[in-house]
Every structure is written in C-alpha cells, then in structure tokens.
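Coordinates in review
Chain by chain, the residues:
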Amino acid sequence: MPRIIQLNPESISQIAAGEVIERPASVLKELLENSLDAESSHIIVKIIDKPSFSISVSDNGIGMDKEDILLCCIPHTTSKIQTFEDVYRLSSFGFRGEALSTIAAVSHLKISSCLRGTSMGLAFENGKVSPIVMPSGTKIEVSSLFYNIPARKKFLKSLVSEKTALLKVFEELSLAHPYISFELFYNERKIHHVSVTSRIERIYTMFSHRWLQNKSSFFQIDEKIGNVKLWVLASSPAHVNSTSKHLWLFVNHRAVVDKILSHAIKSAYQGASASGTWPYLVLFLELDSHEVDVNVHPSKREVRFVDPPFIHEWVVKCLKEGIQKFQNKSWRKVDGSCLPSPPISASARRPAGANWGAPSASHPSELFNFRDTSVRGRGDGAMSVIQSPLHPLWVNSESVFPPSVIAMDAAASRGNLNIDSSFVPEALPGMTVIGQIHKTYIVCDTKEGLMLVDQHAAHERIVFEKLIKQFQESKFSKQYLLIPVSFQLDDEEIYLLRHHEKTLDKCGIEFSILSAQKVAFKSLPLALSGASFETLFREILDEIIEKSDDIPFMIHKIFATLACHSSIRAGQSLAIPQMEELVENISKLEYKNCPHGRPVFFEMSYQEIEKRFKRI
C-alpha cells in the first residue's frame, strides 16, 4: 500500500476552511467583506453565541441571480481575479465566492438573495434553490459552526474572547467604510448602530466613550505623495497607554497588522512619550494595488509593501511633524503669543535618484536619519564644548546657559551661582518667570494661567537635541579619560560591542577589548565631571544589549543616557535669568518631552485655578 494518498474532496474542503476560518470572527469578516463589495449602503449583523455560534449578515446590495448563487459556494470561485496576475492587483474584497465554500464545509449555510430592482428572490440551502419574496440584497446565515470538526471547536476561546474578536472585526470594517451604515445585534440585543458619516465622525462615534473623550488630546494628519495617501488621527505623546491594542491600521481599507507601520509609529513617538508606551491611533494608508501584496496570509491580515523603506520613513516623518506641531500649538497657547497653528503637513518628497527599494544602509549616519531634528538656535550652529566642574555639556556659546550667565564652580552644587546681571534674555511673550518650587520646578505666569517647567526634563531635552545635531553633522569631539574605565563582561556583551564598534565610535564612545572578557572604555562625546563613569558606562552597555537589533533606537537611548547625566538636576537652585533662558529655549525644541518621554511643562488654566478656589 502506498504511503502517499490523495485526499478526498471533503477533507480538502475542511483543511482549506481551517486556513481561512479560524474562529467565528473569521466568518464575520468574510461575510461583511462580501456585503461591502456588493455595493451595499446598509448592513445588519446578527450573532447568537449559544448553543453554537450562529452569524447572519444582511445587506441591501446588488444581490445575486440563480447562476451566481449556484457558483458562489463552489471551491475556487471568485469575482476578484480572471488570471493569476490579477492576484497582485487586487482592488476589492471579492463579491461572494472563495470563502463561502470553506464556510459551508464547516457549518450549515443558507443564502437568500434578490437582484436589485426585482421583488422575487432565491433561497439556497443544502444544494437546492427555491423562490422567495424578499427586498433587494443578500442575507447569508451561518449556523452550527464547526459542527463537523469537534477538534477545531475545542480550540475556541471563552465566549468573552470570541465576542471581543467579533466586535473587533465589526469595528474595523465600520471604521474603514464610514459611507455605509451598520447595525450589530448580539444575542438579540442591539449593541451598535452607526450611520453614514465622515471618517472623523465615525471614529468619534465609535470611540468617544472609550479613549476619545478629550478631542483636544488628538491631532490629525492628511498627506499625499503621488498616488500614496496617508490619513491619521493620533493622540498626543502625553496621552498614551502601555499596549499597542489601540492601534487601528488600514491599508487600502483593509485592517492589517503590519510591522513596518507599527515600527514607524514607535519610531515617531520615541523620545516624545515614555518608553514602552503606544499612542491611541487610527491610520489609513492608500496606495496603488500593485504597490502592496495582500496575499501574504490567507486571512489577508498581513501585507507586504513593494517599497517598505519609503513607507516607513514617510509615516515616521508625517507623525513626527504632527507631534511637533501639536506640542508647538500647546506651547503657543501657554506663552500667549497666539500664533496661528499651521496645517500639519509632512511636505515629504522622495529625493531625486533615491533607490527606495534598495536594502537598508549599513552606515550609522544613514540608518539614523536626523534631517528634521536640528534645533533652530540663534547662532550660526557652530558647536563648541565648554567644560565645567558640574555640568560640562553646555554646547554652543549661545545655548542654555551662556557663559555670560553661568560661572560654574564648586559652589554651584550648593546653589550659589554667579549671575551676570547684564544678561537680558530674549522676551518671553505673554509669560513671566516667577521662580522655583522645591528647587525642581520653574513657575511661570502666562496669559492662560500657570505653567510649571521641570528644569531637569527641559534641560535634558535641550542637551539631547544638541547631541543629536552634533551626531547629524559629525561634529562630536571625543573627551578622552585620563584613566580608562574597564569592565568584566560576558561573551555576548563583548560580541555586541564589537558588532557596534563603528556606531559607538561615531557617537564619541571609544573602547578597547583587553581580553576575552574585559573591555576598557576610553572616551565619551563630552566630559561628564561629577558623574559616576562606571554607572554611566554600565547604563550605556545595557542600552546596547537591550536595543542591539534596532540601531536608531539604541543610539537614541545612548544619547538620552548621556543627556540625563549632563543636565541640571532636580534640587539645584537657579537664578531668574537662568530660568528665563531655560524656558525660552523650550520653544526651540523639537519635542516638548524629555528623551525618556516625560513632559517638559505642565499648564493649569486660570479657569481651573478659580474652580479649585470655588470662585466659579
């Protein structure tokens, strides 16, 4: 008897169904997509979860005639493609066909349909067609799901988990198609009803009771390059959560889970929000069908872009500009300048002659793109280093704080700073610096209310952006240590240091491998007097180990560590001119957060203050 046998048609159908129909939510997705391609304007979903899942989807679409009804449940029938090449040019979900045969293989299926403009329809069940009277459109009923595959039924999760997955599918398709009204009944109770509306109103309708209560914490992006369009509603860096479950990503109106887009979002919010957090975000990306492959997985949850580097960089750029403009708008509000907020625009273009489809660059300067991170200072941008016993990282004679303002000496640690009374900072429109509280927070009176500035977070961001600019312009000057700091490391740590030696050298960090398990660090980008070198190098090494597979993020973390060790500390006394200079420079920052994601300033409106004192 041969070892290899030919499967019977029934087994083939059930195996095929297992690839596409993983759970009840998979059935709902396929049925809803069929209705969307049927030119429907209203779709009704009804779900019963006991004793076994039953799902029905009704629409007012174009309907089917007898020939279509008989064909739609036969394997390998579809309306989407005529030839194999069409697989890579998909522009629709597919009008019936395909999934219906696999659904029928694992459930009881009934189809009722009436062509638009007629009054007599057809019902199809158990291979038989009979006439019925019904309105134009189609109704597909799926019951007793997995009745003939007990093993698959055992792998279903709890009713709560399955209901959550069903609601997720319904919400995704409702978000992607705001020009269609949807109703959802679960166990005969209506739990959703969304009318035809705009995209933004559909989002507000669906999420205002969950994470979109405060619209002022969100910003929009609407951009286009050639035939590629991007639309985003995203939360501010201060309004984030610990998981990525609130990312709603759509490519050509398909809900997807995509690493390129997710990483772009992570990169854009990196440093603007706390590490390990994600924004609340809805993203729609539209591009020509031949620029994206949706057939990576049978469920079409994953996509593959023809030009992933371009997609990644453009999305990062758009989001970063959106965050910056949102934060600058908030800053304009508190400083009272009341400048008009320009529209969020990435203004991105593919550089002439750029090969966007080529492999990623291997040189650190190419991998870490800082073209948009320069600080708009008042000087000519020339960089110099002014060393001081306590805070040696004052960069550029016109940056916080200029030598004319600060004469750092040993007494500085006790809060006795020598201030040049002739120094007069640029005007702070509508804002008056009052002083410090707890030697940590700078208090400012603004036209809108009261503002508190975290002096360490603010200065940390300023120093961080100076380091980024130096890195971008390759202007790091190494500060060699008189005595190299050596560590005992394991094999993995030594390997990673060797692997990233060129990148670290570009960051001003030089080291030597002394033996199989010993390394000596010899330099930093700038001197860090007063800091614990061993603690600093250990922190840098931890960042290399943790982020070694993501060079841009690794460099970001290294610079954040350097900036943290080089900045004004909480508990340090500052004079009014120093505070004014620090506050003034906040307006020039790319992000209004420290490199670790903490906010630089906090504002309380006069209205809020008066409410606290019961005046209103």
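Up top is the structure.
Residues numbered from 1 in each chain as written. Predicted model: local features only at pLDDT ≥ 70, side-chain atom pairs only at ≥ 80, totals over all residues. Heavy atoms only, no water.

Considerations on the sheet that holds strand 21 (residues 441–446)
Spatial strand order, 20-21-22-26: four strands in an open sheet with antiparallel pairing. The open sheet has two free edges, formed respectively by strand 20 (431–437) and strand 26 (601–605), since each of these has just one partner strand. Neighbour-to-neighbour, the strand axes of this sheet turn through a mean angle of 20 degrees, independent of strand direction. Relative to strand 21, strand 20 runs antiparallel, the two being bridged by six bridges. Counted as the bridge partner of Val-433 is Cys-444 from strand 21. Sheet contacts for helix 11 (residues 455–472): strand 20, strand 21 and strand 22 (449–454); angle to strand 22, the most-contacted strand, approximately 65 degrees. Here helix 16 (residues 576–586) sits on the sheet and contacts strand 20, strand 21 and strand 22; the angle it forms with strand 20, its principal contact strand, is near 120 degrees. (Pairing = 2+ DSSP bridges. Helix = DSSP H or I, 4+ residues; strand = E, 2+ residues; numbered from the N terminus. Axes fitted to C-alpha atoms, helices over the stretch in contact; angles between N-to-C directions. Contact = heavy atoms within 4.5 Å.)

Digging into helix 11
End to end, helix 11 covers 26 Å across 18 residues, agreeing with the expected 26 Å (1.5 Å per residue, within 8%). Helix 11 sits mainly inside the fold: 17 of its 18 residues count as buried. Near the N-terminus of helix 11, the side chain that reaches the backbone nitrogen of His-456, with its oxygen 3.1 Å away, is that of Asp-454. Taken from the residues just after helix 11, Ser-474 is the one with a positive phi, measuring 55 degrees. (Expected span 1.5 Å × (residues − 1). Buried < 20%, exposed > 50% of the residue type's maximum accessible area, 1.4 Å probe, protein only. Polar contact = N/O pair within 3.5 Å; in protein donor to acceptor, adjacent residues only side chain to side chain.)

Thoughts on the pattern of salt bridges
The full count for this structure, using the stated rule, is 13 salt bridges. Among the salt bridges present, the one from Glu-162 reaches Arg-23, with a minimum N-O distance of 3.0 Å. Of this pair, Glu-162 sits in helix 6 (residues 159–176) while Arg-23 sits in the loop between helix 1 (9–20) and helix 2 (24–36), and the two are 139 residues apart along the sequence. Assessed through its relative accessible area of 2%, Glu-162 is described here as buried. Owing to a relative accessible area of 23%, Arg-23 belongs among the partly exposed residues under this scheme. Of the charged contacts, one joins Arg-199 and Glu-286 as a salt bridge, the two residues approaching to 3.5 Å between their closest N and O atoms. Residue Arg-199 is located in helix 7 (residues 199–207), and its partner Glu-286 is located in strand 15 (residues 281–286); the two are separated by 87 residues in the primary sequence. (Salt bridge = Lys/Arg side-chain N within 4 Å of Asp/Glu carboxyl O.)

Thoughts on the packing of helix 11 against helix 15 (residues 551–566)
Relative orientation and spacing of two packed helices are given, respectively, by the angle between their axes and the distance between those axes. Direction vectors running N to C along helix 11 and helix 15 enclose 130 degrees, while the axes themselves pass 8 Å from each other. When the axes of helix 11 and helix 15 are compared, the pair comes out oblique. Classified by chirality, the crossing of helix 15 by helix 11 is right-handed. Contacts from His-456, His-459, Glu-460, Val-463, Phe-464, Leu-467, Ile-468 and Phe-471 in helix 11 reach Ile-555, His-556, Phe-559, Ala-560, Leu-562, Ala-563, Cys-564 and Ser-566 in helix 15. Of the residues that constitute the contact of helix 11 with helix 15, the class distribution is eleven nonpolar, four polar and one charged. (Parallel < 35°, antiparallel > 145°, perpendicular 65-115°, else oblique. Left-handed = near helix turned anticlockwise from the far one by under 90°. Nonpolar A, V, L, I, M, F, W, Y, C, P; charged D, E, K, R; others polar.)

Points about the environment of Gly-508
With respect to the helices and strands, Gly-508 occurs in the loop between helix 13 (501–506) and strand 24 (510–515). Along the sequence, Gly-508 and Lys-475 sit 33 residues apart, while their C-alpha atoms lie 9.6 Å from each other. Apart from the residues lying within four places of it in its own chain, the contact partners of Gly-508 are Lys-478, Ser-523, Leu-524 and Pro-525.

Notes on the nonpolar core
Leu-28, Leu-31, Leu-32, Val-45, Ile-47 and Ile-111 are the most contacted members of the largest nonpolar core, which totals 57 residues. Among the elements that line this core, the one with the most residues is helix 6, at seven residues. Not counting residues up to four positions away in its chain, the partners in contact with Ile-111 are Met-64, Cys-72, Cys-73, Leu-100, Leu-122, Ala-123, Phe-124, Thr-138, Lys-139 and Ile-140. Core analysis: the second largest hydrophobic core is formed by 36 residues, Val-251, Ala-264, Tyr-269 and Trp-278 among them. (Core = buried A, V, L, I, M, F, W, Y, C linked by side-chain atoms within 4.5 Å.)

Details of the state of the cysteines
Disulfides are covalent bonds that connect the sulfur atoms of two cysteines. Taken as a whole and assessed by the stated rule, the structure comprises zero disulfides. In this model Cys-564 remains outside any disulfide bridge; the closest cysteine sulfur is found in Cys-594, 8.0 Å from its own. (Disulfide = S-S within 2.5 Å.)

Some words on the sheet that holds strand 25 (residues 518–524)
Taken in spatial order, the three strands make up an open sheet running 23-25-24, and their pairing is antiparallel. Edge positions in the open sheet fall to strand 23 (479–488) and strand 24, since each of these has one partner strand only. Pairs of neighbouring strands in the sheet enclose a mean axial angle of 20 degrees, with direction left out of account. Examined bridge by bridge, strand 23 and strand 25 share six bridges and lie antiparallel to one another. Bridging from a neighbouring strand, Tyr-480 pairs with Ser-523 of strand 25.

Looking at the packing of aromatic side chains
In the structure shown here, the tally under the stated rule is twelve aromatic pairs. Both rings, one in Phe-471 and one in Phe-559, keep their centres 5.6 Å apart while their planes meet at 70 degrees; by these two values the pair is edge-to-face. Of this pair, Phe-471 sits in helix 11 while Phe-559 sits in helix 15, and the two are 88 residues apart along the sequence. There is no split in this pair, since Phe-471 and Phe-559 are both buried. Three or more aromatic residues joined by ring pairs make a cluster, and in this case those are Phe-207, Trp-211, Phe-218, Trp-248 and Tyr-280. Sitting over the ring of Trp-231, Arg-199 keeps its end group 5.3 Å from the ring centre. Across from the ring centre of Tyr-204, 4.0 Å away, lies the NZ or CZ of Lys-215, which sits over that ring. (Phe/Tyr/Trp six-rings, centres within 6.5 Å; stacked < 30°, edge-to-face > 60°. Lys NZ or Arg CZ within 6 Å of the ring centre and 35° of its normal.)

A few points about the pairing of strand 10 (residues 228–235)
With respect to burial, strand 10 is a largely interior element, seven of its eight residues being buried. Strand direction decides the pairing type here: strand 9 (residues 218–225) and strand 10, joined by eight bridges, are antiparallel. Along strand 10, the bridge assignment pairs Phe-219 with Ala-234. Linking strand 9 to strand 10, which pair antiparallel, is a turn of two residues; within it Gly-226 sits at a positive phi near 60 degrees. Two elements, strand 10 and strand 15, share six bridges in a ladder whose sense is antiparallel. Residue pairing in the sheet places Lys-229 in a bridge with Glu-286 of strand 15.

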